[in-house]
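A look at the structure
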Amino acid sequence: MTPSPAVARAASHADEIGPEELARLRRRMRWVLFSVAALGSTGYIAAVTVGTLVAAEFSGGAALGGLPTTLTTIGTATAASLLALIMLRAGRRPGLLIGLATGVLGGAVVFTSVLTESIPLLLLGSAFTGFANAAGNLGRYIAADMAPPAHRASAIGLVVWGTTVGAVIGPNLTAPAGTVAVALGLPELSGAYATTVIFIGLAWLLSVVALRPEPYALADPSVLRPPVESTAAPAPELSGLLTRPSVAVALVSLVAAQVVMVLIMTMTPLHLIDHGQGLATVGIVLSAHTFGMFGLSPITGRLADRFGPPRVIASGFVVLGIAATIAAIAPPTGGLILAIALFLLGYGWNLCFVSASTLVSHGLALSERTRVQGIADTLTWGTAAFASLSSGLIVAAASYTALGLLGLGLAVIPLGFLATQRERLRGSMAARSA
């Protein structure tokens, strides 16, 4: 895979930046990416929070309630590879700006759909908002590119930590935004989508102003130019990259962790409501879950840097298995037990997500990394859409307990794959770190 135009341009200018200035720019860029993740996720999660309610209101029932979230997830999956290709041609900054701008457009389209009660516009706008989510997620890889190998997981953890802001603030803005919308003579639910436009718009403006210079020019020397061994042989094709032990393990880990988490998380609120629990209990359980998903990301990054991504990935699947088991055996009236299960479900996912995101592009040159990173996120979010649709069908056909046991089984399988790849992975990582 030859260097892309954007990477080639960055490489030609990278040596012009002095060491002290380079360190300062990298620090600033990491906090810009953190802020973009925080603002963008606030707008994105605000939209997801009310999407089900809007669809149910338009259709007169719950049958179409899950479609907006599913379309948003599909939009994220589609955008991940598309934005990665744009980044390869034009640069990280243009790709990020296009993703966020499309998310703003999506929020505006969905806002219009609420005013016109149009389901097609609701679904189209929901898909477009997924582009902002994809852009924010790709930001973690931009932070990793700028860090030396020993600190890449910590850089990813910092950006993922920014999503905590959106996870906490986004849902809590829907009520006051609805109050303002009603005061202005607009439908109450339109307020959440106005929030989407505002916050993703702020993330776009921040990127326009502060995401300078082109992040490729700030990349660590170990990824800015091809690895030493690639100069002695033709660069591998994409299929060859995906079968490398580090890439294969990372892709399996990202996808499997996402499936286990989404399967159980999706149906837990309905499971609680169906067994007489109130919205307060649902809120506590989901708050514990989202804190587990994002709140401890800096700790996860440090663990991965200290012990290596493969070990932390393995521990993540163990935690996911424990969480799935607790969810399966917990009584439906046990809100506290399910809160513990959902916290562990979130943190097990976080251990896998941060560590596998670090591992997925280990030893790859910058052009190779960007392409593989886009494919990784496309697979991750594509399977999330499948898992969210499958979750309800499994509970309807069997039970929530069966869903938990399935999650346990799906957490064990990647551990077996990790064990079979341990020696190949160790040799590959040692060779590329030499």
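Our subject in this report is the structure included herewith.

Definitions and cut-offs
- Residues numbered from 1 in each chain as written.
- Predicted model: local features only at pLDDT ≥ 70, side-chain atom pairs only at ≥ 80, totals over all residues.
- Heavy atoms only, no water.
- Helix = DSSP H or I, 4+ residues; strand = E, 2+ residues; numbered from the N terminus.
- Buried < 20%, exposed > 50% of the residue type's maximum accessible area, 1.4 Å probe, protein only.
- Areas by Shrake-Rupley, 256 points an atom, 1.4 Å probe, with all protein chains shown as cover.
- Axes fitted to C-alpha atoms, helices over the stretch in contact; angles between N-to-C directions.
- Parallel < 35°, antiparallel > 145°, perpendicular 65-115°, else oblique.
- Contact = heavy atoms within 4.5 Å.
- Nonpolar A, V, L, I, M, F, W, Y, C, P; charged D, E, K, R; others polar.
- Phe/Tyr/Trp six-rings, centres within 6.5 Å; stacked < 30°, edge-to-face > 60°.
- Salt bridge = Lys/Arg side-chain N within 4 Å of Asp/Glu carboxyl O.
- Patch = residues over 30% accessible without salt bridge, like charges linked within 9 Å, V, L, I, M, F, W, Y side chains within 5 Å.

Before going further, it helps to spend a moment on the overall build of the protein. Scanning the protein from N- to C-terminus turns up 17 helices and 0 strands. Among the 434 residues that make up the protein, the fraction classed as buried is 53%. Of the roughly 17,100 Å² of accessible surface on the protein, a fraction of 71% belongs to carbon and sulfur atoms.

Running from N to C, helix H15 (residues 366-397) and helix H16 (residues 400-420) point in directions that differ by 125°, and their axes come no closer than 7 Å. Taken as axis vectors, H15 and H16 run oblique relative to one another. Contact residues: Ser-391, Ile-394 and Val-395 in H15; Tyr-400, Leu-403 and Leu-406 in H16. Residues belonging to the contact of H15 with H16 are distributed by class as follows: 5 nonpolar, 1 polar and no charged.

The subject of this paragraph is the packing of aromatic side chains. As enumerated under the stated definition, the model contains 6 aromatic pairs in all. Taking 6.3 Å as the distance between ring centres and 90° as the angle between the ring planes, the aromatic pair formed by Phe-128 and Phe-131 counts as edge-to-face. Remark: Phe-131 and Phe-128 occur in helix H5 (residues 119-145); sequence separation between them is 3 residues, near one turn of the helix. Note on Phe-128: relative accessible area 24%, which makes it partly exposed.

Pairing is possible between side chains of opposite charge, provided their charged atoms come close. Within this structure, the stated rule accounts for 5 salt bridges. In this structure, Glu-21 engages Arg-24 in a salt bridge whose closest nitrogen and oxygen atoms are separated by 2.8 Å. You can see Glu-21 and its partner Arg-24 sitting in helix H2 (residues 19-59), 3 residues apart, about one turn around the helix. Given the relative accessible area of 34%, Glu-21 is considered partly exposed. Its relative accessible area of 39% is what places Arg-24 among the partly exposed residues. For Asp-145, the salt bridge goes to Arg-369, with nearest N and O atoms at 3.0 Å. Residue Asp-145 is located in helix H5, and its partner Arg-369 is located in helix H15; the two are separated by 224 residues in the primary sequence.

Turning to the environment of Leu-173, a few remarks are in order. Tracing the sequence through the fold places Leu-173 in helix H6 (residues 152-183). Along the sequence, Leu-173 and Ala-192 sit 19 residues apart, while their C-alpha atoms lie 7.2 Å from each other. If near-sequence neighbours (up to four positions away) are discounted, Leu-173 is found in contact with Thr-42, Thr-195 and Phe-199.

Omega for the bond connecting Arg-212 with Pro-213 falls within 30 degrees of zero, at 0°, which places this linkage in the cis form. Note on placement: Pro-213 falls in the loop between helix H7 (190-210) and helix H8 (221-224). A positive phi angle is found at Glu-117, which is not glycine, with a value near 55°. Counting through the fold element by element, Glu-117 comes out in the loop between helix H4 (92-116) and H5. A residue is classified by how much of its surface remains accessible, and Glu-117, at 58% relative accessible area, is exposed.

Taken together, the side chains of Leu-115, Val-180, Leu-184 and Leu-186 make up a nonpolar region of the molecular surface, amounting to roughly 360 Å² of accessible area. Its location among the elements puts Leu-184 in the loop between H6 and H7.

For the pair helix H3 (residues 67-90) and H15, the least separation of the axes is 8 Å and the interaxial angle reads 175°. One way to sum up the angle between H3 and H15 is to call them roughly antiparallel. Considered class by class, the residues forming the contact of H3 with H15 number 12 nonpolar, 10 polar and 2 charged.

Note on placement: Leu-67 falls in helix H3. Under the relative-accessibility criterion, Leu-67 is labelled partly exposed at 29%. Along the sequence, Leu-67 and Ser-126 sit 59 residues apart, while their C-alpha atoms lie 9.0 Å from each other.

This part is about the environment of Leu-254. Along the polypeptide, Leu-254 turns up in helix H10 (residues 245-274). Exposure remark for Leu-254: the relative accessible area of 2% places this residue in the buried category. Residues Leu-254 and Trp-349, spaced 95 residues apart in sequence, show a C-alpha to C-alpha distance of 8.6 Å. Dropping the residues within four chain positions of it, Leu-254 is found in contact with Tyr-141, Phe-353, Ala-356, Ser-357, Ala-376 and Thr-380.

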